[in-house]
Amino acid sequence: MKKYTPVVLLMALSTTAFGQFMKKERITVSYTQPPTIHLEEGMGYTSSVILDYEEEINAELAKAEEEYQQALAEYPEKEAAAKAAYDQRYAEYEKALEDWNSKSSVGKIIEKQVLENSKPTPPSPYYPPSKPYKRQVTHQKLFNADQLSSTYARVEGLNQDPNGVKIEVHLFGFENNDPIAEKKEYVKVDSKTKAKSTYYKSFWKIDYRHSMTLRAVHPNGTILFDEVPNSISDYKTFTSAEEERSYPSTNAQTYIDQLQGKVVEENLSTIQWLINDKLGTTTQKRNVEIIYVKNKKGKYDDLEYAMLDAKQGYDMLISRPDDAKGKLQSAIDAWEAALAEGDMDDKKARINKKVIPDVYKNLILAYTLIGEFDKADDHYNDSLRMGFRNGDENDLKEINLLTADLRERYQK
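Described in the following lines is the structure provided in the data block. (Residues numbered from 1 in each chain as written. Predicted model: local features only at pLDDT ≥ 70, side-chain atom pairs only at ≥ 80, totals over all residues. Heavy atoms only, no water.)

Structural notes on the pattern of salt bridges
One side chain can pair with another of opposite charge once the charged atoms of both are near each other. Using the criterion set out here, one finds 29 salt bridges in the structure. With a closest N to O distance of 3.7 Å, Lys327 and Asp309 form a salt bridge. In this pair, Lys327 is assigned in helix α8 (residues 321–340) and Asp309 in helix α7 (residues 301–315), connecting sequence segments 18 residues apart. Since its relative accessible area comes to 28%, Lys327 is described here as partly exposed. Look at Asp309 and you get buried, because its relative accessible area is 17%. (Salt bridge = Lys/Arg side-chain N within 4 Å of Asp/Glu carboxyl O. Helix = DSSP H or I, 4+ residues; strand = E, 2+ residues; numbered from the N terminus. Buried < 20%, exposed > 50% of the residue type's maximum accessible area, 1.4 Å probe, protein only.)

Structure below.
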């Protein structure tokens, strides 16, 4: 059995009495996020997706159709000319055959032997000229604009109204640079002979984009926003899977065809987010932590109960906002009381420098999500004077960003 000196025993008891072990209850909170642009009460919207590049494609298709119709109109004359030419050749054949038959037998023998002339042969059977066909116009993928609009240009919280805000999303067409077939050199070692050998893996590299713009106009003619998001206008790079060969086996066009649909879906998802960030009232989800102290012998009952109240309150933010606020206020009161007794300089204090930063985090988040932005800011500003560690300061800055964003949205 180990024996402890009085000093060691005293240190062990001190650690047991005053050591705090922080625990984190991780949950996902759903909360309501207002838009950054507030419209008049009852204002609705109408939206459309416009394929600007379709005009050029339609012009080329129309040209192909025009060429085809022109060829159809000219075909009877062309066929008649071909038939007339054939009839002339056949008449010439019949005349030659008549002349040949009219010659004396001796003459025929002489001609065959001397002139190596033989009996005239008829022309090949008559075949009319090939009928006109419409040339195929190869073009990039065309999408169903109405379907895209109903999927990606909706505004949450607003009703559709032809007299409301007019939202337009313009698509300018798929672009890609010439695909590049690249290869990498690898070395493998034979497990038995240890001999080294070189082999190659190849893949396609394709730079591509589909530029789009987003525009919203108020019924009074005011432009609410008109944007070309950088994440959409910039080129992206696609890299195919590596194959153990010196040149890719798949045609690059296969990937280009796939990218045309993929980039439209990705870009319009960004557009949808922008529309609702600016005009929609949305439900957002955020992963949060409610921090408390591992409770020993009831010493931290207040912080554990506050965690349970906060957890219950956060779960009800959307479905029962008034009840949620009551539960969160109960948690806030407990955290405020704990903060009031906090002592950054006394390691033995119940609420010491190990606990205080997390109490601030709990408070600022809770005040923010019940809309008490001034109190959240006051606590954040107080925390800046406390000299917390960088990790705690960064956590508080992140919560403060949420506070600032929601304050701006609610107070417009």
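Looking at the environment of Asn287
Take Asn287: it is sitting in strand β8 (residues 282–293). Each C-alpha atom of the pair Asn287 and Lys412 lies 26 Å from the other, and the pair is 125 residues apart in sequence. Beyond its immediate stretch of four places on either side in the chain, Asn287 contacts Ile27 and Thr28. A distance of 2.8 Å separates a polar atom in the side chain of Asn287 from a polar atom in the side chain of Thr28. (Contact = heavy atoms within 4.5 Å. Polar contact = N/O pair within 3.5 Å; in protein donor to acceptor, adjacent residues only side chain to side chain.)

A short note on helix α9 (residues 356–369)
Compared with the 20 Å implied by 1.5 Å per residue over 14 residues, the 20 Å span of α9 between its first and last C-alpha is a close match. Of all 14 residues making up α9, 14 are buried, and the element is well covered by its neighbours. Just downstream of α9, Gly371 is the residue with a positive phi angle, here 85 degrees. (Expected span 1.5 Å × (residues − 1).)

What about the side chain of Thr282?
Mapping Thr282 onto the fold places it in strand β8. Accessibility expressed as a relative area gives 6% for Thr282, which makes it buried. A polar contact is formed between the side chain of Thr282 and the side chain of Gln284, at a distance of 2.8 Å. Residues contacting Thr282, with those up to four places away along its chain left out, are Tyr31, Thr32, Gln33, Glu156 and Asn276.

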